[in-house]
Structure formats: C-alpha cells, structure tokens
Amino acid sequence: MKQIMIVCGYTFRDAAKKKAFIISTVIMLVIILILTLIPRLSLLFSNDDTGGVTGGVTDGGTAAAGETSKICYYIDDDKLITGAVQTLSSVFTDAAFIEADSDMIDTYRGEIEADPDIVMIEVTMMNELPFINVVTRDFMSGIPTEQMVELLSNVYISQTLALQGIDAETIAFARSTLPFAVETAGNMDFSGYVLGIVLTMLIFFAIYYYGYGVFMSIATEKTSRVMETLIVSAKPSRIL
C-alpha cells in the first residue's frame, strides 16, 4: 500500500502544479453545482409564471379573464367520452379546449411543433375501450398529460357506470380516494442537501478523473520517462 501511495502522490503533485488542472477543476465544480441546483431553483420559481397554478389547476378552480395562454385541440369523432371538453375546461382553466376535426391532424401537429403551448388530444376506440393519444411538442411543454388522462378516464368510467344503472352516490364513492397524510420523523436541513451535492461531485470526479489520469500518466511517461524514477521506489506491479 505504501508503494501505491508513493506512485499516486507523485502523479497527483505533478498534475496539481499545472494551471490547466486547477482551472478545469474549478470550472467543473461550478458547472456541477449549477446543474445540481437547477431542480431546487425550479421549485422556487415554478409558481411565478402560473400565478399559483399547480399542474394547470388554480387553487380556486377558476382563472381570471385573460389568463388563457394554452390551446388544446380535442378530437373525438365517435363521441366516446361525452362532455369531455366542458369537463377539461372546468379543471384546466388556463387552457382553451377546442373541438377539432380529425382531418386536420397533420396541421395541428405542425402547430404543436412550432408552439409549446399547443396540445392535441385524440380519442379513438381500441380493444373495445377509448384510447387517449396526447400530442405535445416535448415532455416539458403543454398541459399535464397524466392529469388530463386521469380526468378523462374518470369521466368515461362514471358515464359507463351510469348507463349500467349505478346510482350517482355509488359512482362518487367508487371514484373517491381515502384521505391520507405523510409525516416525517426528522427534518432534512440544508446540510443534508449539501451532502447529496458533495456525494454527486465525488462520484463524477472519481469516474472522470480516473480515465483522465490514466491518459495523462501515459502521455507523461512517454515524454519525461517518469517511470524510470518511480521504478526505484516501487515494484512494477504497484506502478501498474
């Protein structure tokens, strides 16, 4: 172990004297710090653009006039889900839902590619059940997909149960969820968050500088014959 530390110490001291090593280390630390802080910053500013809207639904269930900034084309030629547009509009009040024509799907896709605030929902029959296809420009834009699908599913199930003669109270009970609460026994202070960042940095640098160090050691040995000096202090197997 002592011989291995001699080789590692020599290699580290040789690299630490170089300005390129110091500058690259500082730059990489800053970049990793910024990347790890992005989720934290996104949580702090997530409500700025929505005016208190979480997942497209306001706290009061309604939005003030002029707040509608998103457009959703809803296509359901077979009327598989009755009243879907009205239901979606009442929940996602920051978006305008428009009943569209399936013949214009290609046109709608072109608009979606150009504007992240445009979404398309297409409902078709598949395996004797409505199939909901949501088209957005990317996963970070548009209206929350999972919430829309869950809402439409609940509407369809409620309508199907009603057609089977199930009373409204039973349907409402079937759709209800049990109340729950999540409690934490301890508090995660800022030191815990910093520890996660530090561990991430250590893992990254361990992987990155391992390959970098091997490459630079080979290059240094080819130019300065450093191994001829180290071979006196350590066995060849320890150097390898």
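Given the structure is predicted, the values throughout are model-derived calculations rather than measurements.

What counts and what doesn't
Residues numbered from 1 in each chain as written. Predicted model: local features only at pLDDT ≥ 70, side-chain atom pairs only at ≥ 80, totals over all residues. Heavy atoms only, no water. Helix = DSSP H or I, 4+ residues; strand = E, 2+ residues; numbered from the N terminus. Buried < 20%, exposed > 50% of the residue type's maximum accessible area, 1.4 Å probe, protein only. Contact = heavy atoms within 4.5 Å. Areas by Shrake-Rupley, 256 points an atom, 1.4 Å probe, with all protein chains shown as cover. Patch = residues over 30% accessible without salt bridge, like charges linked within 9 Å, V, L, I, M, F, W, Y side chains within 5 Å. Salt bridge = Lys/Arg side-chain N within 4 Å of Asp/Glu carboxyl O. Pairing = 2+ DSSP bridges. Axes fitted to C-alpha atoms, helices over the stretch in contact; angles between N-to-C directions. Core = buried A, V, L, I, M, F, W, Y, C linked by side-chain atoms within 4.5 Å.

**Q** If you had to explain the overall build of the protein chain to someone new, which residues and values would you point to?
**A** When helices and strands are counted, the protein chain shows nine helices and four strands. Going from the N terminus to the C terminus, the protein chain shows its helices and strands as α-α-β-α-β-α-β-β-α-α-α-α-α. A buried classification covers 24% of the 240 residues belonging to the protein chain. Sequence separation of at least 24 residues holds for 68% of the intrachain contacts in the protein chain that already meet a minimum separation of 6. Accessible area for the protein chain stands at about 17000 Å²; split by element, carbon and sulfur atoms hold 63% of it.

**Q** Explain a nonpolar patch on the surface residue by residue, including any values.
**A** Taken together, I22, I23, V26, I27, V30, I31, I34, L35 and I38 make up a surface patch of nonpolar side chains, about 800 Å² in accessible area. Tracing the chain through its elements places I31 in helix 2 (residues 19–44).

**Q** Please give an account of unusual backbone geometry that cites residues and values.
**A** Excluding glycine, a negative phi dihedral is what most residues carry, and trans is how most peptide bonds are arranged. The backbone of N127 sits at a positive phi, close to 55°, despite the residue not being glycine. N127 sits in the exposed class, given a relative accessible area of 70%. Of note, the phi angle at E128 is positive, near 65°, even though the residue is not glycine. Inspection of the secondary structure assignment puts E128 in the loop between strand 3 (118–126) and strand 4 (129–135). Taking the relative accessible area as the measure of exposure, E128 reaches 72% and is therefore exposed.

**Q** Tell me about the sheet that holds strand 4, and please be specific about residues and values.
**A** Taken in spatial order, the four strands make up an open sheet running 2-1-3-4, and their pairing is mixed. Bordering the open sheet on either side are strand 2 (95–99) and strand 4, each of which pairs with just one other strand. Averaged over neighbouring strand pairs, the angle between their axes works out to 20° when direction is ignored. With five bridges connecting them, strand 1 (residues 70–75) and strand 3 associate as parallel partners. Residue pairing for strand 3: I75 is matched across the bridge by E122. Strands in contact with helix 3 (residues 84–91) are strand 1, strand 2 and strand 3; relative to strand 2, the strand with the most contacts, it is inclined by about 175°.

**Q** Please give an account of the nonpolar core that cites residues and values.
**A** Counting residues in hydrophobic clusters, the biggest one holds 19 residues, and the most contacted among them are Y74, L88, F97 and I121. Breaking this core down by element, the ones donating at least two residues are strand 1, helix 3, strand 2, strand 3 and helix 5 (145–163). In terms of residues, this core owes the most to one element, helix 5, which gives four residues. With sequence-adjacent residues up to four places away left out, Y74 is seen in contact with I81, A84, V85, L88, I98, E99, A100, I121, V123 and L152. Y73, I112, I118 and M120 belong to the second largest nonpolar core, which has nine residues in total.

**Q** Summarise the pairing of strand 3; cite the residues concerned and give the values.
**A** Examined bridge by bridge, strand 3 and strand 4 share seven bridges and lie antiparallel to one another. Counted as the bridge partner of T124 is F131 from strand 4. Between strand 3 and the antiparallel strand that follows it, strand 4, lie two residues; N127 among them carries a positive phi value of about 55°.

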